[in-house]
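Listed here are the chains, written in short residue letters.
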Amino acid sequence: MRELTVLLVDDHPGFISAALRHLRRLEWLTVVGSASNGIEAIAQCETLRPDVVLMDLAMPEMGGLQATRLIKAQDYPPYIVIASHFDDTEHREHALRAGADAFVSKLAYIHDVMPLLERLHRKASA
């Protein structure tokens, strides 16, 4: 089975650490890097070519929406999941219009993101 590669993007080191604790347990997934803002995320995507980017919505310097637009303009862009504490229709619509493939609430992050990652892994391994 093919391994799924993931880039974590969030300006809160504690959130990155918590996500890493959960994701490192998965044999079929590798976190290839992390970034603390959209500018770093764009550079990491160009260098690392992850399958999936788990991206925070609100970050300093460049937020998740602008970074998503620019990453999706790259050749062979990754699947992008925007995560935010602001879980409402307006924020979800903005994320999808920016090119995000999915939106998850940070309040139920692991619960919401795991089914997406499992589905992407199955598809990549088929």
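Refer to the structure presented above.
Every value quoted in this text rests on a predicted model; they were computed, and no experiment measured them.

A. Inspection of the environment of Leu 4 at higher detail. Turning to its location among the elements, Leu 4 is positioned in strand β1 (residues 4–9). Sequence-wise, Leu 4 and Pro 50 are 46 residues apart; in three dimensions their C-alpha atoms are separated by 8.0 Å. For Leu 4, the residues in contact, after removing those within four places along its chain, are Trp 28, Leu 29, Thr 30, Asp 51, Val 52, Leu 117, Leu 120 and His 121.

B. A look at the nonpolar core. One finds Leu 8, Leu 23, Val 52, Leu 54, Val 81, Tyr 109 and Leu 117 to be the most contacted residues of the largest nonpolar core, which totals 22 residues. Put simply, the parts of the chain that give this core at least two residues each are β1, α1 (13–23), β3 (52–56), β4 (79–84), β5 (102–105) and α5 (109–125). Element by element, the count of residues in this core is highest for α5, at 6 residues. What Leu 54 contacts, discounting residues up to four positions off in sequence, is Val 6, Leu 7, Leu 8, Val 9, Leu 23, Val 81, Tyr 109 and Val 113. Leu 7, Ala 35, Val 53 and Ala 95 belong to the second-largest nonpolar core, a separate cluster that totals 18 residues.

C. Just the sheet that holds β4, in detail. The strand order across the open sheet formed by 5 strands is β2-β1-β3-β4-β5, and the pairing between neighbours is parallel. Two strands in the sheet have a free side with no partner beyond their single neighbour: β2 (29–35) and β5. The sheet shows a mean angle of 25° between the axes of neighbouring strands, taken without regard to direction. Note: β4 against β5, 4 bridges, orientation parallel. Looking at β5, one finds that Val 81 is bridged to Ala 102.

D. Molecular detail of the pattern of salt bridges. All chains considered together, the criterion is met by 5 salt bridges. A salt bridge links Asp 101 to Lys 72; the nearest nitrogen and oxygen atoms lie 2.6 Å apart. Residue Asp 101 is located in the loop between α4 (89–97) and β5, and its partner Lys 72 is located in helix α3 (residues 64–72); the two are separated by 29 residues in the primary sequence. According to the relative accessible area criterion, Lys 72 is partly exposed, its value standing at 24%.

E. View of α5. Relative to the 24 Å expected for 17 residues at 1.5 Å per residue, α5 spans 24 Å between its end C-alpha atoms, a close match to the ideal helical length. Among the residues of α5, those classed as buried are Tyr 109, Val 113, Met 114, Leu 116, Leu 117, Leu 120 and His 121. Looking at the buried side of α5, the elements it contacts are β1, α1, β2, β3, β4 and β5.

F. Representation of the pairing of β1. Counting buried positions along β1 yields 6 of 6 residues, so the element is predominantly enclosed. Taking every second residue as pointing to the same face, both faces of β1 are buried, with Leu 4, Val 6 and Leu 8 on one and Thr 5, Leu 7 and Val 9 on the other. Direction of pairing for β1 relative to β2: parallel, over a ladder of 6 bridges. Bridge assignment links Leu 8 to a residue of β2, and that residue is Ser 34. Note on the crossover from β1 through α1 to β2: the handedness is right-handed.

G. Highlighting the environment of Ala 95. Within the secondary structure, Ala 95 sits in helix α4. Residue Ala 95 is classed as buried on the basis of its relative accessible area, which comes to 0%. Once the C-alpha coordinates of Ala 95 and Val 32 are considered, the two residues, 63 residues apart in sequence, prove to be 23 Å apart. In contact with Ala 95, not counting residues within four places along its chain, are Leu 65, Ile 82, Ala 100 and Phe 103.

What counts as what
Counting restarts for each chain, with residues numbered from 1 along the sequence as it is written. Per-residue local features of the predicted model are confined to residues with pLDDT of at least 70, and side-chain atom pairs are confined, for both listing and counting, to 80 or more; whole-chain, interface and lining totals are unaffected and use all residues. Note that water and hydrogens are dropped before the side-chain values are worked out from all heavy atoms of the structure. Working definition: helices are DSSP H or I runs of at least four residues, strands are E runs of at least two. Numbering for both runs from the N terminus. Any two residues whose heavy atoms approach within 4.5 Å at even a single point are treated as in contact. By convention a nonpolar core is built from buried Ala, Val, Leu, Ile, Met, Phe, Trp, Tyr and Cys residues, the set being connected through side-chain atoms within 4.5 Å. Relative accessibility thresholds used throughout: buried, under 20% of the residue-type maximum; exposed, over 50%; partly exposed, between the two (1.4 Å probe, protein chains only). In this scheme, strands are said to pair when DSSP sees at least two bridges between them. For helices, the axis comes from a line fit to the C-alpha atoms of the stretch in contact; other axes are also lines fit to C-alpha atoms, and the angle between any two N-to-C directions lies between 0 and 180 degrees. Criterion for a salt bridge: a side-chain nitrogen of Lys or Arg within 4 Å of a carboxyl oxygen of Asp or Glu. Expected span of a helix: the number of residues minus one, times 1.5 Å. Classification remark: right-handed applies to a crossover when, strands pointing away from the viewer, the course from the first strand over the helix to the second runs clockwise.

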